[in-house]
Amino acid sequence: MSVVIKIENLSKYYRLGIIGGGTLQEDVSRWFAKLRGQPDPLMKVDVENHGNRKNGEIWALQNINLEVKEGEILGIIGNNGVGKSTLLKILSRITAPTSGRIKIKGRVSSLLEVGTGFHPELTGRENIYLNGAILGMYRREIDQKFDEIVDFSGIEEFVDTPVKRYSSGMLVRLAFAVAAHLEPEVLVVDEVLAVGDLQFQKKCLGKMQDVSRQGRTVLFVSHNMSAVENLCTKGVLLNQGRVAHRGDVAETIKIYIKSTHDSSRCPLGSRTDRQGNGNVRLREVVISSDGENDSDGFLVGSAINFHLRLNSRIRTGVRVIIGVYDFMNVGIMRFDSNLLGDELIIGEGDVSIHCITELVPIMPGSYFINIAILQQGGMEDYVTRAAYINFYPSDYFGSGRFYTNSDTKLVKFMVKHKWSIGDKTS
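Right, let's walk through the structure included here. (Residues numbered from 1 in each chain as written. Predicted model: local features only at pLDDT ≥ 70, side-chain atom pairs only at ≥ 80, totals over all residues. Heavy atoms only, no water.)

### Details of the side chain of S222
The criterion, for reference: For the purposes of this entry, the term helix denotes a DSSP run of H or I that reaches at least four residues, the term strand denotes a run of E that reaches at least two, and both are numbered from the N terminus. Only protein chains enter the area calculation, which uses a 1.4 Å probe; residues under 20% of their type maximum are buried, those over 50% are exposed, and those in between are partly exposed. Here, two residues are considered to be in contact whenever any of their heavy atoms come within 4.5 Å of each other.
When you line up the elements, S222 lands in the loop between strand 8 (217-221) and helix 7 (225-231). Since its relative accessible area comes to 2%, S222 is described here as buried. Once you skip the residues sitting within four places of it in the chain, S222 turns out to touch I76, I77, E191 and V228.

Right under this line is the structure:
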């Protein structure tokens, strides 16, 4: 396959706070703050340090070298602020790089933000033709695709209504339909699919697979690891504006999850995004197998143990629920202390609670856990994504054979069973 996108030594540099305030008063207040060594009072940019910022400077991208081949679906992943969207904007020619160069064969169609390139006063019909013209399509080409675009978007009833009256979901459906059906050689898609409903997300993922099978290239940025793993053939992990890994998508996701949660011991005391009354608080969760911590993951068929460390202000009975979810936020398993008997009685101060499981026949993949602590029906503490678990293939059936990556996308559990030939009905 030929190389469609070639990126050489690409870098993008920004300076924070160099734009004027717009009025003399604002510029003077900014100057006085700088004179006193105080932060810029007009700064609206997120200045959290992701490792690529120094002295008011941001290297959003640094020395990116990358090749993308024809028909490849490339998933670009990484934490917020590492340069994913900046890379797509440069590829879409929305912004220019500071240094380096990009070579792209063919037309690029991009969907980076809801309603990008749409005029709010024009109708859906008019915006379809406008976007097609921007992409360099002739009117007859758009005429041939028009009915297919409208049918895919599901907005037939409102196609002659100005898009300023569309909901965000309607807008993203139409925008994706236009971007995907006007036959670009390269389709660039950012996290905007999160706006659509689940049914439309499935249609979009299917359409991107169709685009790839037609020999066209897709670049896909998402925080939904399940969507990335199921859709993409290759993966790129960005960290601090640089390429941290490039290769098989499953391996790329594994490295990303391990880099963000590199230990099975997860302290939770400082987490503020939690719910509950707070009389009982979850301080830490430790995940182990056969008494040993494993920061990398567990083999399929392992007995997984959850060790919870709590702090309680009162002596009380509690109900503890541990839920295991995939990255589509679909519940896979649930461990509920109430199903095995009465409430767990705990005293004041630090308390340890253990949940010991039998062999877990879950399919290979990455999962996260939510933990809830309830007392007399009320929620004391609830922490989402309290920890992450990786399961790796094993010889679960003792046959020397393993499930392939394509098999793991279809189902979530394996059950031990036997096969035989002959009449077993009698």
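### Considerations on the pairing of strand 17 (residues 316-325)
For clarity, the cut-off: Note: two strands are recorded as paired if DSSP finds a minimum of 2 bridges between them.
In terms of burial, strand 17 is a largely internal element, eight of the 10 residues being buried. Sheet analysis places strand 17 next to strand 19 (residues 344-346), joined by three bridges and oriented antiparallel. Looking at strand 19, one finds that T316 is bridged to I346. Direction of pairing for strand 17 relative to strand 21 (residues 365-375): antiparallel, over a ladder of seven bridges. Along strand 21, the bridge assignment pairs I322 with I371. Strand direction decides the pairing type here: strand 17 and strand 18 (residues 331-336), joined by five bridges, are antiparallel. Residue pairing for strand 18: Y325 is matched across the bridge by G331. In sequence, strand 17 turns back onto strand 18 through a hairpin of five residues, with N329 there showing a positive phi of about 65°.

### A closer look at the environment of E121
Selection rule: N or O atoms within 3.5 Å of each other form a polar contact, as long as, within protein, one can give a hydrogen and the other can take it, and as long as residues adjacent in sequence are counted only when both atoms are side-chain atoms.
The residue E121 is located in the loop between strand 6 (108-111) and helix 3 (124-134) in this model. For the pair E121 and P162, spaced 41 residues apart in the sequence, the C-alpha separation amounts to 5.5 Å. Every residue in contact with E121, bar those within four places of it in the chain, is listed here: P162 and K164. Polar contacts involving the side chain of E121 include one to the side chain of K164, which spans 3.1 Å.

### A short note on the environment of R334
In this fold, R334 is placed in strand 18. Along the chain, R334 and I322 lie 12 residues apart, while their C-alpha atoms are 5.7 Å from each other. Excluding anything up to four places from it in sequence, R334 contacts R319, I321, I322 and G323.

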